[in-house]
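Letter by letter, the chains look like this.
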Amino acid sequence: MDNETKKKELIILNKKDVTICAATAQMLEKAERDGVETAFHRAASMKACPIGADSACCKNCSMGPCRLVSKDPYGKVGVCGATIDTIQARNFARMVSSGAAAHTDHGMSMLDLFRDVVNGEIADYSIKDPIKLEAVAKEIGIEVEGREIKDIAMDLYKELERTYIQVNGEIPFAKRVPAKTLETWRKHGVVPRGAMREIMELMHRTHMGVDQDYQNITKQCSRTALADGWGGSMVATEISDILFGTPTPVKADVNMGCLKENEVNIIIHGHEPNLFESMLDSVNDSSLIQAAKDAGAEGINLVGMCCSGAEMLSRHGIPHAGNFMSTEAVLITGAVDAMGVDVQCIKQGLARVAECYGTKLFTTNPRCHIEGVEHIEFHEHSPRECTDSIVENAIVRFKNRSLPIEIPKIKNAGIHGFSHEYVNYMLGGTFRSSYTPLNDNIINGRIRGVAGVVGCTNPRVRHDWVHVELVKELIKNDILVVQTGCSQISLAKAGLYTPEAAHLAGPGLREVCETVGMPPVLGLGSCVDNSRILIACSEMVRIGGLGESIADLPVAGAAPEWMSEKAISIGHYFVASGVFTVFGVTFPIIEETKFHQLLFEGLEDIGFGKWGFAVDPYEMARMMIAHIDKKRRALGIDKARERVLMDMADRQKLEAA
Ligand code: NFS
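Residues numbered from 1 in each chain as written. Predicted model: local features only at pLDDT ≥ 70, side-chain atom pairs only at ≥ 80, totals over all residues. Heavy atoms only, no water.

## Things to note about the sheet that holds strand β14 (residues 580-583)
Turning to step 1, where the next piece is worked out: On the basis of which strands lie adjacent, the open sheet formed by 6 strands has the order β12-β11-β10-β13-β14-β15 and parallel pairing. The two strands at the open ends of the sheet, each matched to only one other strand, are β12 (521-523) and β15 (611-613). Each strand of the sheet is rotated relative to its neighbour by a mean of 25 degrees, with strand direction disregarded.
Turning to step 2, where the next piece is worked out: Across 3 bridges, the pairing between β14 and β15 is parallel. Across the sheet, the residue bridging to Thr581 is Trp611, located in β15.
Turning to step 3, where the next piece is worked out: Across the face of the sheet, helix α26 (residues 617-635) comes into contact with β10 (449-453), β11 (479-483), β13 (555-559), β14 and β15 while running at roughly 175 degrees to β14. (Pairing = 2+ DSSP bridges. Helix = DSSP H or I, 4+ residues; strand = E, 2+ residues; numbered from the N terminus. Axes fitted to C-alpha atoms, helices over the stretch in contact; angles between N-to-C directions. Contact = heavy atoms within 4.5 Å.)

## A closer look at the pairing of strand β7 (residues 360-363)
The side chains of a regular strand alternate, first on one face of the sheet and then on the other.
Turning to step 1, where the next piece is worked out: Taken together, the 4 bridges between strand β6 (residues 336-341) and β7 define a ladder with parallel strand orientation. Across the sheet, residue Val341 finds its bridge partner in β7, namely Thr363.
Turning to step 2, where the next piece is worked out: Handedness of the crossover is the feature at issue here: the chain leaves β6, passes through helix α16 (residues 349-357), returns alongside β7, and the resulting connection is right-handed.
Turning to step 3, where the next piece is worked out: When β7 meets strand β8 (residues 374-375), the two strands line up parallel, connected through 2 bridges. Across the sheet, Phe362 pairs through a bridge with Glu374, a residue of β8. (Right-handed = clockwise from strand over helix to strand, strands pointing away.)

## Looking at the coordination of the nickel atom of the ligand
Turning to step 1, where the next piece is worked out: You will see that the nickel atom of the ligand has only one donor from the protein, Cys527 (SG), lying 2.3 Å away.
Turning to step 2, where the next piece is worked out: Mapped onto the secondary structure, Cys527 falls in the loop between β12 and α23 (530-543). (Donors = N, O, S within 2.8 Å, 3.2 Å for Na, K, Ca; no water.)

## What to know about the packing of helix α11 (residues 214-244) against helix α25 (residues 594-605)
Turning to step 1, where the next piece is worked out: Relative orientation of the contacting elements α11 and α25 amounts to 50 degrees, with a least axis distance of 10 Å. As far as their axial angle goes, α25 and α11 are oblique. Classified by chirality, the crossing of α25 by α11 is right-handed. Contacts from Tyr214, Gln215 and Thr218 of α11 reach α25 at Lys594, Phe595, Leu598, Leu599 and Leu603.
Turning to step 2, where the next piece is worked out: Across the contact of α11 with α25, the residue classes tally to 5 nonpolar, 2 polar and 1 charged. (Parallel < 35°, antiparallel > 145°, perpendicular 65-115°, else oblique. Left-handed = near helix turned anticlockwise from the far one by under 90°. Nonpolar A, V, L, I, M, F, W, Y, C, P; charged D, E, K, R; others polar.)

Below, the structure is given as structure tokens:
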């Protein structure tokens, strides 16, 4: 690489301002020494487009693109006459469509795999959790008593296929929705049909000259987002558990210190667990281990990143190197011999960084090629062809390592793998597994409420910081936090995934954590595993004492550093399910508009949840706590409790700890 010429153009970042992840900061330092650019540098040198940030621009036809004025949103309309509300609702709808499409396509791939496993056409995978298979089948009305697993599985496949292709009628997992929530959806006509139909209709409606009533567009947004949360994402989680095992708590390490200088390091980054599961077989293959040893390595070290990494962390305790904003940074170590990617959140910038450090980067999914990157297609019928080949390439790269290696010596141990099923067992015990103790502790006020803190990391805010501060503030106020995706990794790196972290919790939550021996923050896996949170909410309603619908529960959600369209789809299915959901960073909307009023207030008035927005983590926590307290009051369980505010002395204590 031509260091001298590159160095001149590179912005030098103040690392402390852009990330609290010490490993990422160390690698950014190295990147600047090496003259290598990352997304952090590009974000610093590229101002976000202010019109796009406000969603005040329409490019749905070629009479435009039309720019409306954010300061006077009703002062102008598009060439076709579209108002700011139509334009914003359409832009938002297209984000929901794209995000829902990503999750549902992933879920459908899992279901395709399941069908071929059941048919006996695929030999490399099998049903690992027949108990879960039966439980899920039973829940959606499939007869299980005295039947062969294969027959139940085939019926389950046929039933779940409706999640995607059903033209009319309700999707199968609508059966899991609390009756009153379902009644609200029916009343407003948003119970989803198959995801393909919902996404198609939403794209149709947002075409030029179709739906031009922001309320009607939002209705279809809700229906489509619900087809993701209670549909595609839920199928992805349930089928992955059935095929690969339902997570139970497992001790595992996160952070870049999981890389090993003397071993062949392989990273799998992406979202679909099948590639990763096969890679796990490949790295355990004795002939490949021998080949690695023959090349001078002590072994083969497999590490995850992003969401499939979070699933493997939960299911098998596979170490995890970092979240979305660390995917380039990890390559800068020079220690990664190969990185295999599948779909979603794969930055094109990885190609350049991999090239600079001689890491072999491979795309594997027909949906995701990257210009200039070698593609080794992954086929479920012969998965090892792809994964073995990645290992072989990694071994060659190990042998030819020529650049210096610098691995940040940071590793954070923690407990991961809390599925809905395990939480049930953990709280209730083997013989009386149930959510009753959770509900009881919420009713008696030891636990004030439950918050889901999820989602991406984003270079527009200080990496990991918003997640960590928000979660600390919540647990300090006796709110049990459940997490998925990149947010889970942020907190794991901050050391909150240990039972000992209970000392950071308020007295009530601390007592519960210490009694059960659990951390105050529970990691549930990847972003599609947000469906586990929906199931947990349904279960809390079913057990009783906390209202009749999800909207009655003292719960709230947040994606404090979100960046992807998938996050918008997730946010909207939580809102449509009845949850107050706060996003950080930025929100594609103008505050003075009717569309804003609908998302941030109006939806709550019709029995849904609502959106919230704040950049500051303490403000976010305040909003979530206020909402939880409002729900407690409505339920009549509002003990006089003061919100514990973190003062400066408290914060210093935490930082010193
Ligand atoms: Ni979720 Fe996973 Fe991370 Fe965001 Fe991307 S990896 S599906 S979208 S960035 S949490």
